[in-house]
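In case you want the letters, here they are:
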Amino acid sequence: MGGLSESERARLRAAIDAARASTSAKFEFVIVPASERYGLYPIVWSAVVSLTLAGALALARPQLSIGAGFIANAAAFLVLVVALDWWPLRLRLVPDAVKRAAVQRMAFREFATRLISKDSEQNGVMLFVSLAERRLQIVAERDAHAHAPDGTWERIVTDATARMRADFTGGLEQAIAACGETLATAFPA
């Protein structure tokens, strides 16, 4: 649970233990620092901006040689690549839809490696959290999904996400407790 203080980790561990104790279903909580590196975004944005600046320079100063324009373009590109590679800035360059898709892909990969049942019970639920994107995703196995009322998992994500804006750990605790309650109703301990 990197990126969280020791007291926040303790709060989440207590919530996870309570959720697991309340149900016979499998419940996993996975937290990752980021769902993707988004390494291409600084390069693409640097190329676009440096080429635009080189074009503007060529229009503003037509007497400059091609060599001078190339040097200015290359210098701007290098400076921008280094500047935009700073993680908080890099995350701002990534469109929201791309981040959402990255979180979903990583959640399904983690689900496949951790929770897909090899037994006859298909009642597991995984709550996946990506810290960098500040997003969560719930993935439920067949029986857990079938026993939950329609829209349950989406409602849990929506409610927790709204709370996470003001109290990140509190929102996660809320999501863990809601998953535990949903599972306990369908699959009591």
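Everything below is about the structure printed above this text.
Residues numbered from 1 in each chain as written. Predicted model: local features only at pLDDT ≥ 70, side-chain atom pairs only at ≥ 80, totals over all residues. Heavy atoms only, no water.

Draft legend 1. Quick peek at the packing of helix α1 (residues 6-21) against helix α8 (residues 168-186). The contact between α1 and α8 brings their axes to 8 Å, and the two run at 10°. When the axis of α1 is compared with that of α8, the two are roughly parallel. Contacts between α1 and α8 involve Glu-8, Arg-11, Leu-12, Ala-15, Ile-16 and Ala-19 from the former and Thr-169, Gly-170, Leu-172, Glu-173, Ile-176 and Gly-180 from the latter. Of the residues in the contact of α1 with α8, the class split is six nonpolar, three polar and three charged. (Axes fitted to C-alpha atoms, helices over the stretch in contact; angles between N-to-C directions. Helix = DSSP H or I, 4+ residues; strand = E, 2+ residues; numbered from the N terminus. Parallel < 35°, antiparallel > 145°, perpendicular 65-115°, else oblique. Contact = heavy atoms within 4.5 Å. Nonpolar A, V, L, I, M, F, W, Y, C, P; charged D, E, K, R; others polar.)

Draft legend 2. Broad picture of the nonpolar core. Within the largest apolar cluster, 30 residues are counted, with the highest numbers of intra-cluster contacts made by Phe-27, Phe-29 and Ile-176. Counting residues per element, the ones that place at least two in this core are α1, β1 (27-32), β2 (125-130), β3 (135-140), α7 (152-164) and α8. With seven residues, α8 is the largest single contributor of residues to this core. If we ignore the near neighbours within four places in the chain, the residues touching Phe-27 are Ala-19, Arg-20, Val-125, Leu-127, Ile-176, Cys-179 and Leu-183. (Core = buried A, V, L, I, M, F, W, Y, C linked by side-chain atoms within 4.5 Å. Buried < 20%, exposed > 50% of the residue type's maximum accessible area, 1.4 Å probe, protein only.)

Draft legend 3. Spotlight on the side chain of Asn-123. With respect to the element layout, Asn-123 can be found in the loop between α5 (96-114) and β2. Asn-123 sits in the buried class, given a relative accessible area of 3%.

Draft legend 4. How the structure looks around unusual backbone geometry. Positive phi values are uncommon outside glycine, yet Tyr-38 reaches one of about 55°. Within the fold, Tyr-38 resides in the loop between β1 and α2 (40-60). Although it is not a glycine, Arg-134 adopts a positive phi angle of roughly 55°. Among the structural elements, Arg-134 can be located in the loop between β2 and β3. Overall, Arg-134 belongs to the partly exposed group, its relative accessible area being 47%.

Draft legend 5. Main features of the layout of surface pockets. Put simply, the largest pocket is a space of about 190 Å³. Around the largest pocket sit Arg-100, Val-103, Gln-104, Arg-134, Arg-135, Leu-136, Gln-137, Val-157 and Thr-161, which together line it. Those elements that place two or more of their residues in the lining of the largest pocket are α5, β3 and α7. Here the lining of the largest pocket is built from residues that sort into three nonpolar, three polar and three charged. Taken as a whole, the second largest pocket encloses approximately 160 Å³ of empty space. (1 Å grid on protein atoms, 1.4 Å probe; cavity = no way out; pocket = protein on both sides within 12 Å on 5 of 7 lines; lining within 4 Å. Points joined across faces, edges and corners; volume = space filled by probe spheres on them.)

Draft legend 6. Region of the structure containing the pattern of salt bridges. All chains considered together, the criterion is met by 13 salt bridges. Between Arg-135 and Asp-96 there is a salt bridge, with its nearest N and O atoms 2.4 Å apart. With Arg-135 in strand β3 and Asp-96 in helix α5, this pair connects stretches of sequence that are 39 residues apart. For Asp-167, the salt bridge goes to Arg-163, with nearest N and O atoms at 3.5 Å. According to the relative accessible area criterion, Arg-163 is partly exposed, its value standing at 37%. (Salt bridge = Lys/Arg side-chain N within 4 Å of Asp/Glu carboxyl O.)

Draft legend 7. Region of interest: the packing of aromatic side chains. Applying the stated criterion across every chain, the model contains two aromatic pairs. For the ring pair Tyr-38 and Tyr-41, a centre distance of 6.4 Å and an interplane angle of 70° mean the geometry is edge-to-face. Overall, Tyr-38 belongs to the buried group, its relative accessible area being 1%. For the ring pair Tyr-38 and Trp-87, a centre distance of 6.5 Å and an interplane angle of 25° mean the geometry is stacked. (Phe/Tyr/Trp six-rings, centres within 6.5 Å; stacked < 30°, edge-to-face > 60°.)

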